[in-house]
Amino acid sequence: MSALNSDSVRAAIESFPDPETGRPIGSMGQIKEVQVDGNTATITLGLTSHSNPIADEIADAIESKVVAAVPGTQVKVEIVDHPRPPARLGQVGLRVKSVIAVGSGKGGVGKSTVAASIALSLRQMGSRVGLMDADVYGPSIPHLLGLSGRPAVNAQKKIEPIMLNDDSGQPPMPVISMGFLVEPDQAVIWRGPMLHGSINQFLGDTNWGELDYLVIDMPPGTGDVALTLSQALPLAGSVVVCTPQEVALLDAIKAISMFRKVNIPILGMVENMSGFMCPDCGKSYDIFGRGGARAKAEELSVPFLGSLPIDIDLRTAGDEGRLATVLAENTRSRTPIETAAKSLVRTLASKAAANPPKPSLPTL
Ligand code: ADP
């Protein structure tokens, strides 16, 4: 057992993996300061905004490391911002740390609602997030967020995304969707090369700025957009949304195998419409059953990220374009999605820790 001093505290935590990169926080300059006073250790830890959604858990884990090394220590962990800009990703040069595709085997399972809610929730927890609606056959993101307008093209010939400016106190969230470019009642017939071109434009010719997460709402079922994405840039992975019915789960399995075919890792499954919480009596009803996705995820060795009940407030807010407002103001609607978003970030962190990227070699 070591004595409590700043060296022993540093030694206990320096190999702890940075949740974003998986590299040791000690070597990444993220242990900003360690102060020891009596039996209290105060650690100032730098985390990037990418890790903000799980900052509290990281602080707890750091505390446990110190207590394990020097039992009886009172540990205070103060999190400060550790700025680290994203590297350019893929041929398109997107400045985003993690690109996450949200897909489903079929339509109507709440994929767009979940994609938008995950994006909003990550942003609310302090990350910089963009939302790309790649569901070109039925773009519903503008409607869910109450956004309209035509994206302008700036002097650098980049498309300016439509910004979600709400009163959440968070920076505006860039959003791009085919829904901004075609009239709502206009049908678009997509030929392969045109689809490929539009997705690449959304990725590469849009002024996304620097982001921690780009959440992509995928079209249901088909693999063409997934293939285009996988060729354009390395994705952090995909989230598959399904409802608990067996038939919907079979569709989810198809979505999983589609992502696997194009080498997009599966980050996990979300079970949507999992039970109905009666808003009047608070009683829970399992309309479609419950828990099927969790069991299936285990069977397929895929993380289970969480379940969202049927929530009337979420549905009415989505229909009225107030999804951001309801998630900001209604804890009951927000909690399940926040749980799933945190699981997602935790999954990314454990993947990074298991396989940290090699530090780039210094150029001679
Ligand atoms: P998809 O993208 O899979 O086609 P949507 O996100 O457009 O599905 O959702 C379909 C409908 O279901 C919408 O009316 C949406 O408001 C509703 N919905 C989605 N998730 C929930 C939920 N958890 N509770 C209540 N309604 C939901």
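- As recorded in an unreviewed UniProt entry, the protein goes by Iron-sulfur cluster carrier protein and comes from Rhodopirellula maiorica SM1.
- For the protein, the Function (unreviewed entry) comment in UniProt is given as "Binds and transfers iron-sulfur (Fe-S) clusters to target apoproteins. Can hydrolyze ATP."
- Per its UniProt entry, the protein bears the Subunit (unreviewed entry) comment "Homodimer."

**Topic: the UniProt feature "domain: MIP18 family-like" (unreviewed entry) in the protein**
Working step 1: According to UniProt, the positions carrying the feature "domain: MIP18 family-like" (unreviewed entry) are residues 7-78.
Working step 2: Helix makes up 31% of residues 7-78 and strand makes up 28%, while its end C-alpha atoms are separated by 18 Å.

**Details of the packing of helix H1 (residues 6-13) against helix H2 (residues 55-69)**
Working step 1: The geometry of H1 relative to H2 is characterised by a closest axis approach of 9 Å and an angle of 120 degrees between their N-to-C directions. The orientation of H1 relative to H2 falls into the category oblique. Our pair here, H1 against H2, has a crossing hand that is right-handed. Listed contacts from H2 to Val9, Ala12 and Ile13 of H1 are Ile62, Lys65, Val66 and Ala69.
Working step 2: Partitioned by chemical class, the residues of the contact of H1 with H2 number six nonpolar, no polar and one charged.

**Considerations on the UniProt feature "binding site: ATP" (unreviewed entry) in the protein**
Working step 1: Taking the numbering used here, the UniProt-annotated feature "binding site: ATP" (unreviewed entry) corresponds to Gly105, Lys106, Gly107, Gly108, Val109, Gly110, Lys111 and Ser112.
Working step 2: Position of Gly107 among the secondary structure elements: in the loop between strand S4 (96-103) and helix H3 (111-124).
Working step 3: On the basis of relative accessibility, which here comes to 48%, the residue Gly107 falls in the partly exposed class.
Working step 4: By the element assignment, Lys111 lies in helix H3.
Working step 5: The contacts of Lys111, once residues within four sequence positions are left out, are Val102, Gly103, Ser104, Asp135, Asp217, Met218, Pro219, Pro220 and Val241.
Working step 6: Within polar-contact distance, the side chain of Lys111 engages the side chain of Asp217 at 2.8 Å.

**Regarding the pairing of strand S2 (residues 40-47)**
Working step 1: Buried residues dominate S2, accounting for eight of its eight residues.
Working step 2: Of the two faces of S2, the one carrying Thr40, Thr42, Thr44 and Gly46 and the one carrying Ala41, Ile43, Leu45 and Leu47 are both buried.
Working step 3: Here S2 pairs with strand S3 (residues 74-81) via eight bridges, running parallel. Along S3, the bridge assignment pairs Ile43 with Val77.
Working step 4: Taking the sense of rotation as the criterion, the β-α-β connection linking S2, H2 and S3 turns out right-handed.

**Regarding empty space enclosed by the protein**
Working step 1: Summed over the entire model, instances satisfying the criterion amount to two cavities of 30 Å³ or more.
Working step 2: Together, Ser117, Leu308, Pro309, Asp311, Leu314, Leu327, Ser333, Pro336 and Ile337 line the largest cavity.
Working step 3: At the level of secondary structure, the elements contributing two or more residues to the lining of the largest cavity comprise strand S12 (304-310) and helix H11 (331-354).
Working step 4: The element best represented in the lining of the largest cavity is H11, accounting for three residues.
Working step 5: Counted by class, the lining of the largest cavity contains six nonpolar, two polar and one charged residues.
Working step 6: Considering only enclosed or pocket space, the second largest cavity measures out at about 40 Å³ in volume.

**Side note on the domain arrangement of the protein**
Working step 1: According to the domain assignment, the protein consists of domain 1 (12-81) and domain 2 (88-354).
Working step 2: The C-alpha-based centres of domain 1 and domain 2 are spaced at 31 Å.
Working step 3: At the interface, 12 residues of domain 1 touch 15 residues of domain 2.
Working step 4: Summed over both partners, the interface of domain 1 with domain 2 comes to about 1,100 Å²; 54% of that surface belongs to carbon and sulfur atoms.
Working step 5: Looking only at domain 1, the three residues that lose the most surface to domain 2 are Ser49, His50 and Pro53, adding up to 49% of its buried area.
Working step 6: For the interface between domain 1 and domain 2, the tally reads two salt bridges.
Working step 7: Note that Arg346 and Glu57 form a salt bridge whose closest N and O atoms lie 2.8 Å from each other.
Working step 8: Counting the contacts that link domain 1 with domain 2 gives eight residue pairs in polar contact (both at pLDDT 80 or more).
Working step 9: Residues belonging to the side of domain 1 that touches domain 2 are distributed by class as follows: four nonpolar, six polar and two charged.

Rules of the game
Residues numbered from 1 in each chain as written. Predicted model: local features only at pLDDT ≥ 70, side-chain atom pairs only at ≥ 80, totals over all residues. Heavy atoms only, no water. UniProt positions renumbered as here; feature names shortened; annotations may be inferred. Helix = DSSP H or I, 4+ residues; strand = E, 2+ residues; numbered from the N terminus. Axes fitted to C-alpha atoms, helices over the stretch in contact; angles between N-to-C directions. Parallel < 35°, antiparallel > 145°, perpendicular 65-115°, else oblique. Left-handed = near helix turned anticlockwise from the far one by under 90°. Contact = heavy atoms within 4.5 Å. Nonpolar A, V, L, I, M, F, W, Y, C, P; charged D, E, K, R; others polar. Buried < 20%, exposed > 50% of the residue type's maximum accessible area, 1.4 Å probe, protein only. Polar contact = N/O pair within 3.5 Å; in protein donor to acceptor, adjacent residues only side chain to side chain. Pairing = 2+ DSSP bridges. Right-handed = clockwise from strand over helix to strand, strands pointing away. 1 Å grid on protein atoms, 1.4 Å probe; cavity = no way out; pocket = protein on both sides within 12 Å on 5 of 7 lines; lining within 4 Å. Points joined across faces, edges and corners; volume = space filled by probe spheres on them. Domains from an automatic or database assignment. Buried area = accessible area lost by both parts, 1.4 Å probe. Salt bridge = Lys/Arg side-chain N within 4 Å of Asp/Glu carboxyl O.

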